[in-house]
Amino acid sequence: SLVIDLKSPEGRRIMQPLLAKADGLLHNMRGDTPARLGLDYESVKKINPNIVYLYAGSYGSSGPGAGRPAFHPIAGCLSGGALWQLGKGNSPPPCDVPLTMEQIEKWSEELMGANESLPDQTSALGVGTALALALYHKARTGEGQYVETTMLMSNLYLCSDDFIRYHGKPDRLEPDQALRGLHALHRLYETKEGWVFLTCPLEEEWQGLCRAIGREDLIADPRFATRELRLRHDEWLVSILWPIFKERTAEEWEKRLGQYAVACARADAQRYEDFLLTDPGLKE
């Protein structure tokens, strides 16, 4: 780890031998800043012809957004992640509706809270993937190259399902207004003690759930005979399931549903960072 003042002659002298022996160079400086510092691709390539040079931009080096900055919430909003995560009925008013400053602050906070579609992390994955591919190519051919990634395209790729069009494409499922889940069989349920997350994507899992909760009659119920019908009558199904989940604790449901090969886990036992650092299974 080294800090260098690239605006000073001494800093540039230090940088020269580092560039000469480097496998790659990554930067996210905008506009003509790299050229003014002697770090543009053409200058670097004269020092190290086979270097992998990656510009990690916001919008890229060309086009209408070239040179503009972008940060986590901007990339998330541009790719549509924040709006999808607000939940049904929670969308902000149309853009031509006048708002008070208090209302603008409220909606800004709502959108910021929903903008955890990992825009920064997704952009970093794009950078890491591009570097890995270019370095692999260099290892095989000995050739470096100029590579470019953008926050915008990395996040659009993550949301690429929204940009694919074909006849009969099913509608995208939105979280419900309370942000409990996408539908009755993919959501959080409050139990007698604690919360569980249930997901039953397959027909046999739906039937296993019905047997586990003692409601085999639901299998033959015409409202829930197929996945499409269950989605159509989703509110009915939620109203049936949520009082049933209140009858046992989260641990009891996790154990019982597991016996029927139904995916269910307690969702509030610990924070995710504690889970990642202390869970015995992960440690093993």
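For the structure itself, look to the data block above.
The structure contained in this document is the topic of the report that follows. The structure displayed is predicted, hence computed values, not measured ones. (Residues numbered from 1 in each chain as written. Predicted model: local features only at pLDDT ≥ 70, side-chain atom pairs only at ≥ 80, totals over all residues. Heavy atoms only, no water.)

Focus on the pattern of salt bridges
When charged atoms on two side chains of opposite charge get close, those side chains can pair. Tallied over the entire structure, the rule returns 11 salt bridges. Note that R266 is salt-bridged to D268, the shortest N-O span being 2.7 Å. When the shortest N-O distance is used, the salt bridge between D274 and R271 registers 3.2 Å. Connected via shared salt-bridge partners are E251, R266 and D268. (Salt bridge = Lys/Arg side-chain N within 4 Å of Asp/Glu carboxyl O.)

Structural notes on the nonpolar core
In terms of nonpolar packing, the biggest core is built from 24 residues, with L198, L209, L241 and L257 touching the most fellow members. Here this core takes 6 residues from helix α12 (residues 234–245), the largest share from any one element. Every residue in contact with L209, bar those within four places of it in the chain, is listed here: L185, L198, C200, L241, L257 and V262. (Core = buried A, V, L, I, M, F, W, Y, C linked by side-chain atoms within 4.5 Å. Buried < 20%, exposed > 50% of the residue type's maximum accessible area, 1.4 Å probe, protein only. Helix = DSSP H or I, 4+ residues; strand = E, 2+ residues; numbered from the N terminus. Contact = heavy atoms within 4.5 Å.)

Structural notes on the sheet that holds strand β7 (residues 263–266)
Strand pairing in a sheet relies on backbone hydrogen bonds, with the paired strands running either antiparallel or parallel. Taking strand neighbours across the sheet as the criterion, the 4 strands line up as β4-β5-β6-β7 in an open arrangement whose pairing is antiparallel. Either end of the sheet is taken by a strand with one partner, and the two such strands are β4 (181–183) and β7. Going across the sheet, the axis of each strand differs from the next one's by a mean of 35 degrees, ignoring polarity. Pairing of strand β6 (residues 195–199) with β7, which is carried by 4 bridges, proceeds in the antiparallel orientation. Looking at β7, one finds that V196 is bridged to R266. On the sheet, α12 packs against β4, β5 (186–190) and β6 and is oriented at approximately 40 degrees with respect to β5. (Pairing = 2+ DSSP bridges. Axes fitted to C-alpha atoms, helices over the stretch in contact; angles between N-to-C directions.)

Some words on the side chain of H27
Checked against the element boundaries, H27 lands in strand β1 (residues 24–27). Since its relative accessible area comes to 9%, H27 is described here as buried. In terms of polar contacts, H27 uses its side chain to reach the side chain of Y53, at 3.0 Å. Leaving out residues up to four positions away in the same chain, H27 has contacts with P34, Y53, L54, Y55 and A56. (Polar contact = N/O pair within 3.5 Å; in protein donor to acceptor, adjacent residues only side chain to side chain.)

Considering the state of the cysteines
Applying the stated criterion across every chain yields a total of 0 disulfides. Here C264 is not disulfide-linked; the sulfur of C200 is the nearest cysteine sulfur, at 8.5 Å. The class of C264 is buried, set by a relative accessible area of 12%. (Disulfide = S-S within 2.5 Å.)

As for a nonpolar patch on the surface
Nonpolar side chains collect at one region of the surface, where Y272, F275, L276, L277 and L282 lie side by side and expose about 580 Å² of accessible area between them. Take the nonpolar patch: its biggest share by element is 4 residues, from helix α14 (residues 272–278). As for its position among the elements, L282 is in helix α15 (residues 280–283). (Patch = residues over 30% accessible without salt bridge, like charges linked within 9 Å, V, L, I, M, F, W, Y side chains within 5 Å. Areas by Shrake-Rupley, 256 points an atom, 1.4 Å probe, with all protein chains shown as cover.)

Examining unusual backbone geometry
The backbone of L179 sits at a positive phi, close to 60 degrees, despite the residue not being glycine. One can find L179 in the loop between α8 (151–158) and β4.

Quick look at helix α13 (residues 250–259)
Taken together, the buried positions of α13 are A250, W253 and L257. Viewed end-on, α13 has its buried residues packed into an arc of 60 degrees, placing them on one side of the element. Turned more than 90 degrees from where α13 packs its buried face, K255 and Q259 sit exposed. Those residues of α13 that are buried are in contact with β6, α9 (203–212), α12 and β7. A261 occupies a position one or two residues after α13 and carries a positive phi of about 60 degrees. (Arc of directions from axis to C-beta.)

Let's talk about α12
With 12 residues, α12 extends 16 Å from end C-alpha to end C-alpha; this agrees with the ideal 16 Å at 1.5 Å per step. Taken together, the buried positions of α12 are occupied by D234, L237, V238, I240, L241, I244 and F245. For α12, the arc enclosing every buried residue in end-on projection is 170 degrees, short of the 170-degree limit, so these residues lie on one face. In α12, the exposed positions angled more than 90 degrees off the buried face are occupied by E235 and W236. (Expected span 1.5 Å × (residues − 1).)

Some remarks on a negative patch on the surface
Side chains of E102, E105, E109 and E110 sit close together on the surface and give a patch of like negative charge. Positionally, E110 belongs in helix α6 (residues 101–114). By relative accessible area, E110 is classed as partly exposed at 39%. (Lys, Arg positive; Asp, Glu negative; His and termini not counted. Charge placed at Lys NZ, Arg CZ, Asp CG, Glu CD.)

Comments concerning the packing of aromatic side chains
This model, assessed by the stated rule, comprises 6 aromatic pairs. Considering the side-chain rings of Y53 and Y146, the 5.7 Å spacing of their centres and the 25 degrees angle between planes classify their relative orientation as stacked. One end of the pair, Y53, is in strand β2 (residues 52–57); the other, Y146, is in strand β3 (residues 145–150), and 93 residues separate them in sequence. A residue is classified by how much of its surface remains accessible, and Y53, at 2% relative accessible area, is buried. Exposure remark for Y146: the relative accessible area of 34% places this residue in the partly exposed category. Put simply, the rings of Y41, Y53 and Y146 touch in pairs and so form one group of aromatic residues. (Phe/Tyr/Trp six-rings, centres within 6.5 Å; stacked < 30°, edge-to-face > 60°.)

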